[in-house]
Amino acid sequence: MSVIGFDIGNENCVIAVVKQRGIDVLLNDESKRETPAVVSFGEKQRFLGSAGASSATMNPKSTISQVKRLIGLSYSQPDVQNELRLLPYPISQAPDGGILVHLQYLGENRTFTPVQIMGMLFSHLKQIAEKNLETVVSDCVIGIPAYFTDLQRRAYLHAATIAGLKPLRLLHDCTATALGYGIYKTDFSQGCPTNVVFVDIGHCDTQVSVVSFEAGQMRTLSHAFERSLGGRDFDEVLFNHFAKQFKEDYKIDVYSSVKASTRLRAACEKLKKVLSANAEAPINIECLMDEKDVKGYIKREEFERLAADLLERITNPCKKALADAGLGLGNIHSVELVGSGSRIPAIMRLLASLFKREPGRTLNASECVARGCALQSAMLSPIFRVRDYEVQDCFPFSIGFTSDDGPICTSSNNILFPKGQPIPSVKILTFHRTNMFRLDAFYVDPSELSSGLSPKISSFMIGPFQVSVGGKSKVKVRVVLNLHGIVAVESAYLLEEEVDDSVTNSDKVEPEISSESDMACNGAENGANTKPESVHVATANTGEWRPSGVDGMQRGRNRRLEIPVSETIFGSMSKAEVSEALEKELQLAYQDRMMERTKDKRNALEAFIYETRNKLFDIYRSFCTEDEKDEISKNLQETEEWLYDDGDDESELVYTSKLEQLKKLVDPVENRFKDEDARHNVAKQLLKRIVDYRTGVKSMANCDRDAVISECNKAEQWLREKMQLQESLPKNCEPVLWSSEIKRRMEVLDATCRHLMRPKTSPQRQGDTRASDHSDTSDNFRKE
């Protein structure tokens, strides 16, 4: 079983694995610790990760990146529309309102959903992990932004399923970072908790979490975020600055060219990194557009002035996280800054001013999420023993439920799972019904969501079920906010009570909700749920309600019956659609493998042509006739011309056939060359064997000794005659003595001489034989 953690960033991905000696970050095929989150489509195959990133500049319209910004969203959302200006590839609205990515593949127009593209990326990361670990990878923990909605979380699970992965948990990025930070520290105060603020400035977003640490446990108090504020926004400031400058200085409009925009953005990202360590930095791009070379420079102060609005926005989620946690600056013990976009010096100064302390950088800014996910995976895995450490996360949204009769709420508010609710959590809803009914889950506060997102989450149909005539029914529904942060109706069952008519109670009471901890969901990590309690709701439902305790006053018995629950997720993929996407991924993966094999066969043919041509005029020169040399050279030349002309794009079978044809011509020459050395080596072995046998027969009887010497003389005579005949022939003739013949002659000599030299045993008397047999039988019996 694998213990893997995945951090799927908007720009790069990191894979971490737990091993006996600690946590390792796996290297990709280029021996890099980060893999670009890129999927590129060529004419006949896909290029994933680093291979895809290398083709982004040359083929931008078929290179899919930043898919994390699209997954689980609808085309009409303002956030998606804002992304369009940054995406070089075309997208459109799907019939269901989702997103479709358009590209050319295998000579056809193809469309893929963001979930399918993410599944391809997961599949590539899975292959990297399996290649490193030399085992099948399945179970894993995946890091996600805290602001992901229910639909986006389900989309990640579907993408993982398409790739053949089984996520044990979707873990919030800052929670994963906090886990990696807190589990190794032993200096936390025993008396009071240590509160740490984690600020994660990624490529496209900013997340802030306040986490409380105590010995052996951590508790996330709050999550806050800016969905569209990250390192790429600072890149865009530089991009716009130089695009304007180049238009004035060089009369080129970078915005009008996809390739030019892609190259300039890549250069601006590098420039931003240089400015992090230098007061000013130059930019130089050859042939950016219209065959014009461009250059410029910018000072750090000017860059910070251009990005002043972005820098100010960094403080918003920080202040919100503190407010949601109910803590002041005096209660914060330290601040940790991570994320790929966190290296700008101005951000460090801004956070130091806000929190009245210098932010720490004790964690690896790019790998901390993957490492925390790997740790959580080890905690959930049965094959690793991790020291007891309690991980309690919280949910950043408020979720409510409605039934056919209206909202389901507690006596204090209209929220079933309030913002900051520990996950996993379970609520038991109790209804009195006589037939099937519906429950709807929704986000209570739409302002917590991104603009244009529907507050509806899912709908659950409870039933159908039948109630016995004369019986009273109580339906209990188990609603769970699970480890992934997904709300679902886990089960429903009917409790029917057969009541004695002599004891009645006509009092009507309100329906009830109970909250219970679900330790089985998370083992030692859980423990954050409230104690079981019953609270009244304000909405009246059909049927009669009885307070707890009435059942004990009546004489009867309860009958429990499981009720089917059907789920409808608004905007999510169905099981059939996931299965279809999985089948498509398998077909695409097969096509990729087939093209890789074809490429290998083509390269093998090309290498054989060059190697054989060199050998013909070097080591093979003495072993082939002029006719053979001319024929081989002619075929090599013809195959080479075909390979770079009509054979440039052929099938694996054609390349294999061409290679076999050439080998048939070359094999006789190669066999003569190889057998030359082999023949002399085996001949030396045979002569040495003859000397050994002649030396070993000195103590033998005369008749046996003469027989062995005779066999040795025959073998030596045969070898000398054959070798003399072979040496009289040119090397380019077929050998009269092959090394394999000498090996066979040596085997015959060994068999004959060993038979003659075997010790002779004297015959035993009949009585001795019987005694020996009896002894052997006795020994065998005792062993058995």
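Residues numbered from 1 in each chain as written. Predicted model: local features only at pLDDT ≥ 70, side-chain atom pairs only at ≥ 80, totals over all residues. Heavy atoms only, no water.

Q: Run through the overall build of the protein, naming residues and quoting values.
A: Check the secondary structure of the protein and you find 19 helices and 31 strands. A burial count over the protein gives 50% of its 784 residues as buried. When contacts within the protein are restricted to residue pairs at least 6 apart in sequence, those whose partners lie at least 24 apart make up 71%. As displayed, the protein offers around 38300 Å² of accessible surface, 50% of which is attributable to carbon and sulfur atoms. (Helix = DSSP H or I, 4+ residues; strand = E, 2+ residues; numbered from the N terminus. Buried < 20%, exposed > 50% of the residue type's maximum accessible area, 1.4 Å probe, protein only. Contact = heavy atoms within 4.5 Å. Areas by Shrake-Rupley, 256 points an atom, 1.4 Å probe, with all protein chains shown as cover.)

Q: Go over the sheet that holds strand β6 (residues 46-48) with me, naming the residues and quoting the values.
A: In spatial order, the strands read β6-β5-β7; together these three strands make up an open sheet with antiparallel pairing. Single-partner strands in this sheet number two, and they are β6 and β7 (63-65). Averaged over all pairs of adjacent strands, the angle between their axes in this sheet comes to 15°, without regard to strand direction. Bridge count for strand β5 (residues 38-41) against β7 is three bridges, and the pairing is antiparallel. (Pairing = 2+ DSSP bridges. Axes fitted to C-alpha atoms, helices over the stretch in contact; angles between N-to-C directions.)

Q: Residue-level account of the pattern of salt bridges, with values.
A: Side chains that differ in charge, positive against negative, can pair when their charged atoms come close. For the structure on display, the rule yields 41 salt bridges. The partner of Arg-313 in a salt bridge is Glu-226, with the nearest N and O atoms 3.3 Å apart. One end of the pair, Arg-313, is in helix α9 (residues 308-313); the other, Glu-226, is in strand β15 (residues 217-226), with 87 residues separating them in the sequence. Here Glu-226 falls in the buried class, since its relative accessible area comes to 19%. Each of Arg-33, Glu-367 and Arg-371 takes part in salt bridges that share partners, so that together they form one network. (Salt bridge = Lys/Arg side-chain N within 4 Å of Asp/Glu carboxyl O.)

Q: Would you mind going over a negative patch on the surface in detail, with residue names and values included?
A: A surface patch of like charges, here negative, comprises Glu-638, Glu-641, Asp-645, Asp-646 and Glu-650. Tracing the backbone through its elements, the reader meets Asp-646 in the loop between α15 (626-643) and α16 (652-696). (Patch = residues over 30% accessible without salt bridge, like charges linked within 9 Å, V, L, I, M, F, W, Y side chains within 5 Å. Lys, Arg positive; Asp, Glu negative; His and termini not counted. Charge placed at Lys NZ, Arg CZ, Asp CG, Glu CD.)

Q: How would you summarise unusual backbone geometry if you had to cite specific residues and measurements?
A: Between Ile-423 and Pro-424 the backbone carries a cis peptide bond, its omega angle lying at 0°. Inspection of the secondary structure puts Pro-424 in the loop between β22 (422-423) and β23 (425-431). With an omega of 5°, the peptide bond running from Gly-463 to Pro-464 counts as cis. Counting through the fold element by element, Pro-464 comes out in the loop between β25 (456-462) and β26 (472-481). Residues other than glycine seldom take positive phi values, yet Lys-251 does so here, at roughly 60°. With respect to the helices and strands, Lys-251 occurs in the loop between α6 (231-250) and α7 (258-275). For Asp-290, which is not glycine, the phi torsion reads 55° and is therefore positive. Of note, Asp-290 is situated in the loop between β16 (280-289) and β17 (292-299).

Q: I'd like a rundown of the sheet that holds β15, residues and numbers included.
A: Sheet architecture is open: six strands sit in the order β18-β13-β14-β15-β19-β22, paired in mixed fashion. The open sheet is flanked by β18 (334-338) and β22, the only strands paired with a single partner. Where strand β19 (residues 390-394) meets β22, two bridges bridge the pair, whose relative direction is antiparallel. The residue of β22 that forms the bridge with Asp-393 is Ile-423. On the sheet, helix α5 (residues 173-182) packs against β13 (194-201), β14 (206-214), β15, β18 and β19 and is oriented at approximately 40° with respect to β14. Contacting β13, β14 and β15, helix α10 (residues 315-325) crosses the sheet at an angle of about 135° to β15.

Q: Give a description of the packing of α16 against helix α18 (residues 739-756) that names residues and reports values.
A: Contact geometry for α16 and α18: axes closest at 8 Å, N-to-C directions at 15°. When the interaxial angle is binned, α16 and α18 end up roughly parallel. The chirality of how α16 crosses α18 is left-handed. Residues Asp-675, Ala-678, Arg-679, Val-682, Ala-683, Gln-685, Leu-686, Arg-689, Ile-690 and Tyr-693 of α16 lie in contact with α18, whose contacting residues are Ser-739, Ile-742, Lys-743, Met-746, Leu-749, Asp-750, Cys-753 and Arg-754. Within the contact of α16 with α18, the residues separate by chemical class into ten nonpolar, two polar and six charged. (Parallel < 35°, antiparallel > 145°, perpendicular 65-115°, else oblique. Left-handed = near helix turned anticlockwise from the far one by under 90°. Nonpolar A, V, L, I, M, F, W, Y, C, P; charged D, E, K, R; others polar.)

Q: So what about the packing of helix α14 (residues 575-616) against α16? Which residues, and what values?
A: Here α14 crosses α16 at 25°, and the two axes come no closer than 8 Å. The angle between α14 and α16 falls in the class roughly parallel. Regarding α14 and α16, the two cross each other, and that crossing is left-handed. Between α14, through Arg-597, Thr-598, Lys-601, Arg-602, Ala-604, Leu-605, Phe-608, Ile-609 and Thr-612, and α16, the contact on the second element is made entirely by Glu-652, Tyr-655, Thr-656, Lys-658, Leu-659, Leu-662, Lys-663 and Val-666.

Q: Quick rundown of the nonpolar core? Include the residues and the values.
A: Of all hydrophobic cores here, the largest spans 84 residues; its most connected members are Ile-8, Tyr-156, Phe-401, Ile-462 and Val-477. With nine residues, the single largest contributor to this core is helix α3 (residues 114-133). Setting aside chain neighbours within four positions, we find Ile-8 in contact with Cys-13, Lys-68, Met-118, Leu-121, Phe-122, Leu-125, Ile-142 and Tyr-156. Leu-229, Leu-322, Leu-337 and Ile-347 belong to the second-largest nonpolar core, a separate cluster that totals 48 residues. (Core = buried A, V, L, I, M, F, W, Y, C linked by side-chain atoms within 4.5 Å.)

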